[in-house]
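Each chain, written out:
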Amino acid sequence: MKFPLVFIFVLLLTSCYNKDRECKDFKTGTFEFKYTTDGVEKVGRFVRTEDLNIDYYENKIDTASIRWINDCEFIMKHINPKNMSEEKAIHMKILTTSEDTYTFEYSLAIQHGSQQKRVEQGTATKIE
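Rules of the game
- Residues numbered from 1 in each chain as written.
- Predicted model: local features only at pLDDT ≥ 70, side-chain atom pairs only at ≥ 80, totals over all residues.
- Heavy atoms only, no water.
- Pairing = 2+ DSSP bridges.
- Helix = DSSP H or I, 4+ residues; strand = E, 2+ residues; numbered from the N terminus.
- Disulfide = S-S within 2.5 Å.
- Buried < 20%, exposed > 50% of the residue type's maximum accessible area, 1.4 Å probe, protein only.
- Axes fitted to C-alpha atoms, helices over the stretch in contact; angles between N-to-C directions.
- Contact = heavy atoms within 4.5 Å.

- Per an unreviewed UniProt entry, the recorded name for the protein chain is DNA topoisomerase IV, and the organism is Gelidibacter pelagius.

The following block contains the structure:
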């Protein structure tokens, strides 16, 4: 009877463990990420400062302003949107961090009407 009690106790202790995120390490720098377009895996790059995010992908450059909510979350909005889709602000959240990578999720900052919230995830690697 001792084994099940010890097992339950250990399970409870480990389920409460949260790994610390070192989001401050990823607030600025140069990063790479992989994405897929039409079944082809590609690599994008972006440079982030305290208040700007500059994306380099598919021979294009796109700049967005950043407003940090806390050390792990920010709102990003395109500076020169080219269409209505780019006018919408995006909420970015760093979920986990390691030495040189972080996992994040992003979604529209504001959902309109009965629109279902769509959340995507990705991983970025800090290269500088």
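Okay, back to it.
## Things to note about the pairing of strand β8 (residues 120-126)
For a regular strand, side chains alternate in direction, first toward one face of the sheet and then toward the other.
Part 1: Pairing between strand β1 (residues 29-37) and β8: three bridges, direction antiparallel. Within β8, the residue paired with F31 across the bridge is K126.
Part 2: Two strands pair when backbone bridges link them, and strand β7 (residues 101-108) and β8 are joined in this way by six bridges, in the antiparallel orientation. Each bridged residue has a counterpart across the sheet, and for F104 the counterpart in β8 is G122.

## Topic: the state of the cysteines
Part 1: Summed over the entire model, instances satisfying the criterion amount to one disulfide.
Part 2: In this model C23 forms its disulfide with C72; the gap between the sulfur atoms is 1.9 Å. Note on the C23 and C72 pair: the S-S dihedral is about 95°, so by sign convention the disulfide is right-handed. Here the residue C23 occupies a position in the loop between α1 (2-15) and β1, and C72 occupies one in the loop between β4 (60-70) and β5 (73-78), the gap between them amounting to 49 residues. Both residues of the pair, C23 and C72, belong to the buried class.

## Brief notes about the sheet that holds β7
Part 1: Sheet architecture is closed into a barrel: eight strands sit in the order β1-β2-β3-β4-β5-β6-β7-β8, paired in antiparallel fashion. Pairwise comparison of adjacent strand axes, ignoring direction, gives a mean angle of 35° for this sheet.

## Remarks on the pairing of β7
Part 1: Pairing of strand β6 (residues 90-97) with β7, which is carried by seven bridges, proceeds in the antiparallel orientation. From the neighbouring strand, I90 faces β7, where its bridge partner is L108.

## Some points on the environment of I79
Part 1: The topology assignment puts I79 in the loop between β5 and β6.
Part 2: Sequence-wise, I79 and I66 are 13 residues apart; in three dimensions their C-alpha atoms are separated by 9.9 Å.
Part 3: Residues in contact with I79, not counting those within four places in the same chain, are L52, T63, A64 and S65.

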